[in-house]
Each structure stands twice: as C-alpha cells, then as structure tokens.
Amino acid sequence: MKIKSNHPLARHGLVVGQQINHNGISYTVVNEDYRSYELESDNPLTAWKKRTCY
C-alpha cells in the first residue's frame with residue numbers, strides 16, 4: 001500500500017523498517033520516496049466468500 005506524506009500514518013514520521021499497527025493490521029515500512037511511503041501488510045487479509053441465500 002502506498003501512502004503520501006499527508007496521510008495520517010505518515011504524519012508520525014515513518015522510517016524504513018518500522019512496524020506500525022493501523023485498524024488492527026500490522027504494516028512494515030518497506031520503501032520511502034520523496035513525499036510517499038510504501039507499506040507492506042504483515043497479516044494478509046483473508047478472502048471473504050460471498051454467501052448465497054436459498
């Protein structure tokens with residue numbers, strides 16, 4: 001997930017290698033470019049199956 005410097009998470013001064021928790025999901029900062037950050041999820045989201053009603 002890429003975020004820009006005006007994202008609420010980026011305002012905390014992220015550093016490459018730092019682990020953060022947001023909305024119950026853990027992320028690791030993997031890249032920092034000028035005014036943007038790339039975050040990688042440590043816990044991949046599970047796929048939800050569509051439930052059909054009969």
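Residues numbered from 1 in each chain as written. Predicted model: local features only at pLDDT ≥ 70, side-chain atom pairs only at ≥ 80, totals over all residues. Heavy atoms only, no water.

A separate point is the pairing of strand β2 (residues 19-22). The side chains of a regular strand alternate, residue by residue, between the two faces of the sheet. Alignment of β2 against strand β3 (residues 25-33), held across four bridges, turns out to be antiparallel. From the neighbouring strand, Ile20 faces β3, where its bridge partner is Tyr27. Count of turn residues in the β2/β3 antiparallel hairpin: two residues, of which Asn23 carries a positive phi of about 55°. (Pairing = 2+ DSSP bridges. Helix = DSSP H or I, 4+ residues; strand = E, 2+ residues; numbered from the N terminus.)

One finds Ile3, Leu9, Ala10, Leu14, Ile20, Ile25, Tyr27, Val29, Tyr37 and Leu39 forming the largest nonpolar core, which totals ten residues. Those elements giving two or more residues to this core turn out to be β3 and β4 (36-41). Counting residues per element, this core draws most heavily on β3, at three residues. Ignoring sequence-local partners within four residues, the contact set of Ile20 consists of Leu9, Leu14, Ile25, Ser26, Tyr27 and Leu39. (Core = buried A, V, L, I, M, F, W, Y, C linked by side-chain atoms within 4.5 Å. Buried < 20%, exposed > 50% of the residue type's maximum accessible area, 1.4 Å probe, protein only. Contact = heavy atoms within 4.5 Å.)

Read these as spatial facts, not as claims about activity.
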